[in-house]
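# Residue-level structure breakdown
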Amino acid sequence: MTPTPISVQKTAEDAASKDLRVTVPVERVREAEARAVRYYAQRAKLPGFRPGKAPEAVVRKRFNDAIRQAVLEELLQESWKTALESESLKPIADPAVRNLKFEADAPLEFDLHVDVKPELKLERTGGFTVTRPAAAVDDQQVNEQLDRLREQKAAWIPVEGEKPREGNLVRVEVQPLDGEGAEAAAAESAEPQSYDLVLGQNQTVPELEEKITTLLPGETAEAEITTPQDHPDEARRGQTRRVRVTLREVKRQDLPALDDAFAREVGDFESVEALRRAVREDLEREAAREADAKVRMDLLQQIVEANGVQAPESLVHRLMHAYADMYRIPKEQLHAFEEQFHPVAEQQVRRDLVLEAVLEAHPELKATEEAVDQRIAQMAEARGVPAGQIYTSLQKANRLGELERSITEEQVFQYLLDQNTVSEATS
């Protein structure tokens, strides 16, 4: 007699996920239990019984948890195979099992949440016009970058008898004064915390920084400060408290002269003019990269809008959780992070869907092994090291796949750019 089939019913879906309700008939559950019992009965070594001769009731009692687990694993696997076939699923990850109901002499019931590959067909990828921003670099940008290099090489010189100002490095001691009675006494007796701060760089709350600028080295004052709204401890956000602050030390930055000696200290430059040229070239390359990125972003946005590409919420949440794990976002900050990051995640999902759809329609754009080898050879030549060394380093860091994806993406973008018009913005 044909066994009653496993029931798979779709309860919800979007372009990138499906929710299924699965019911395994009770007779199938019993058959799986019988197989599990026979397995353990044949292998069990129970006192007073020869191998394979222990009564079924004894085996069930002795190995109840193991039998239950074996039955569950078998039926979940069989159900998943049935769902794949009946719903023609193309999963991109293992399914999530939810609302499991596994009771004696009853059907096995549970929900499956499956992330699937969205089916996206792009009707239009050409005929758009995008403007490439001007990538000019002026003297002010060069001078600002040179000043940043000087700041990196600057020495900190102690300042005596002067109140600190913006840009000064200060060492302060801060002691809380909040509380009443015993709590206040405990705060008074606690060791003050020492901090090094550069004023004007938002390294502390404004009220404390303002108070510090009124002090001479060695002086002490009290201040009321408000905890920022983005403080990790939600309970403390926006709270005002009193502190005692003591200014221990003030230093100012002594910038080195922008001369040939400085150029030689920064790198292999014969003169400050050679350094200036190198800085300008670096800034121009960076400006060109940013302009290229803007062209790609604008072109993708036009393709997204023309084809009505949506960002399935399941993929958006998947991406947000991946970034939250990467940046180690605390659990209590996860909701705020998701609210802030949601639009960015939507844009990233739409971008990835377009690129994947183009690649699926044109598999020849996928990076070949030869293209990867050529890129590694270019990297090796630029760094003056053997190509094998670069390959080994990427392999050990598990980054060969990342390099392949990068080359593939470049080729997909070039394919798209060849179908469209890129005009140059006037500076």
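Note that the structure is predicted; figures quoted are calculated from it, not measured.

### Overview of the overall build of the chain
Each helix and strand counted, the chain has 13 helices and eleven strands in total. Since a compact globule built from 427 residues should have a radius of gyration of about 22 Å, the 33 Å found for the chain marks it as more spread out than a globular shape. When burial is assessed residue by residue, the chain has 31% of its 427 residues classed as buried. Expressed as a percentage of contacts within the chain between residues at least 6 apart in sequence, the contacts between residues at least 24 apart total 67%. Of the roughly 27,000 Å² that the chain leaves accessible, carbon and sulfur atoms contribute 46%. Here the chain holds 57 positive side-chain charges and 81 negative ones, and the gap between their average locations is 7 Å.

### Let's talk about unusual backbone geometry
Positive phi, close to 55°, is recorded for Asn202, a residue that is not glycine. Mapped onto the elements of the fold, Asn202 is located in the loop between strand 8 (193-198) and helix 6 (206-212). On the basis of relative accessible area, Asn202 is assigned to the exposed category, the value being 72%. In this structure, Arg328 takes a positive phi of about 55° despite not being glycine. On the secondary structure map, Arg328 appears in the loop between helix 9 (313-326) and helix 10 (334-361).

### Section: the pattern of salt bridges
Considering all chains together, one arrives at 27 salt bridges under this definition. Note that Glu13 and Lys10 form a salt bridge whose closest N and O atoms lie 3.3 Å from each other. The exposure class of Glu13 is partly exposed, given its relative accessible area of 45%. The partner of Arg21 in a salt bridge is Glu109, and the shortest N-O contact between them spans 3.5 Å. With Arg21 in strand 2 (residues 17-24) and Glu109 in strand 4 (residues 108-115), the pair connects residues that are 88 residues apart, well separated along the chain. Taking the relative accessible area as the measure of exposure, Arg21 reaches 22% and is therefore partly exposed.

### Things to note about the confidence of the model for the chain
Taken residue by residue, the chain gives an average pLDDT of 89. The fraction at 70 or more is 93%. Overall, residues 180-186 carries pLDDT values under 50, and its contacts beyond four positions in sequence, including any with other chains, amount to three contacts.

### A look at the environment of Glu338
Mapped onto the secondary structure, Glu338 falls in helix 10. The exposure class assigned to Glu338 is buried, which follows from its relative accessible area of 15%. The spatial distance from the C-alpha of Glu338 to the C-alpha of Gln253 is 40 Å, given a sequence separation of 85 residues. If near-sequence neighbours (up to four positions away) are discounted, Glu338 is found in contact with Met320 and His321.

### A look at the side chain of Ser17
Relative to the elements of secondary structure, Ser17 occurs in strand 2. Given a relative accessible area of 6%, Ser17 falls into the buried group. Residues in contact with Ser17, not counting those within four places in the same chain, are His113, Val114, Asp115, Val116 and Ser314.

### Observations concerning the sheet that holds strand 1 (residues 7-14)
Backbone-to-backbone hydrogen bonds pair the strands of a sheet. The strands run either parallel or antiparallel. Taking strand neighbours across the sheet as the criterion, the four strands line up as 1-2-4-3 in an open arrangement whose pairing is antiparallel. Here the strands that pair on one side only, and so sit at the sheet edges, are strand 1 and strand 3 (96-101). Strand-to-strand twist in this sheet, taken as the mean axis angle between neighbours without regard to direction, amounts to 15°. One ladder, built from eight bridges, connects strand 2 with strand 4; its direction is antiparallel. When the bridges of strand 4 are listed, Ser17 appears paired with Asp115.

### Some remarks on the packing of aromatic side chains
For the structure shown, the criterion picks out five aromatic pairs. When the centroid spacing of 5.2 Å and the interplanar angle of 80° are considered together, the rings of Tyr39 and Tyr40 count as edge-to-face. Taking the relative accessible area as the measure of exposure, Tyr39 reaches 43% and is therefore partly exposed. With a relative accessible area of 21%, Tyr40 lands in the partly exposed category. Counting every residue linked through ring pairs, the aromatic cluster contains Tyr323, Tyr327, Phe337 and Phe341.

### Examining the nonpolar core
Ranked by internal contacts, the top residues of the largest apolar core, which has 30 residues, are Leu299, Val349, Val354, Val358 and Leu416. Put simply, the parts of the chain that give this core at least two residues each are helix 8 (272-307), helix 9, helix 10 and helix 13 (400-418). If you tally residues by element for this core, the top one is helix 10, at nine residues. Non-local contacts of Val349, meaning those with residues more than four positions away in its chain, are made with Ala311, Pro312, Leu315, Val316 and Leu319. Counting residues in each nonpolar core, the second largest holds 27 residues, with Val29, Ala54, Phe63 and Leu112 among its members.

Each value, and the rule that gives it
- Residues numbered from 1 in each chain as written.
- Predicted model: local features only at pLDDT ≥ 70, side-chain atom pairs only at ≥ 80, totals over all residues.
- Heavy atoms only, no water.
- Helix = DSSP H or I, 4+ residues; strand = E, 2+ residues; numbered from the N terminus.
- Rg over C-alpha atoms; globule rule 2.2 N^0.38 Å.
- Buried < 20%, exposed > 50% of the residue type's maximum accessible area, 1.4 Å probe, protein only.
- Contact = heavy atoms within 4.5 Å.
- Areas by Shrake-Rupley, 256 points an atom, 1.4 Å probe, with all protein chains shown as cover.
- Lys, Arg positive; Asp, Glu negative; His and termini not counted.
- Charge placed at Lys NZ, Arg CZ, Asp CG, Glu CD.
- Salt bridge = Lys/Arg side-chain N within 4 Å of Asp/Glu carboxyl O.
- pLDDT = per-residue confidence, 0-100.
- Pairing = 2+ DSSP bridges.
- Axes fitted to C-alpha atoms, helices over the stretch in contact; angles between N-to-C directions.
- Phe/Tyr/Trp six-rings, centres within 6.5 Å; stacked < 30°, edge-to-face > 60°.
- Core = buried A, V, L, I, M, F, W, Y, C linked by side-chain atoms within 4.5 Å.

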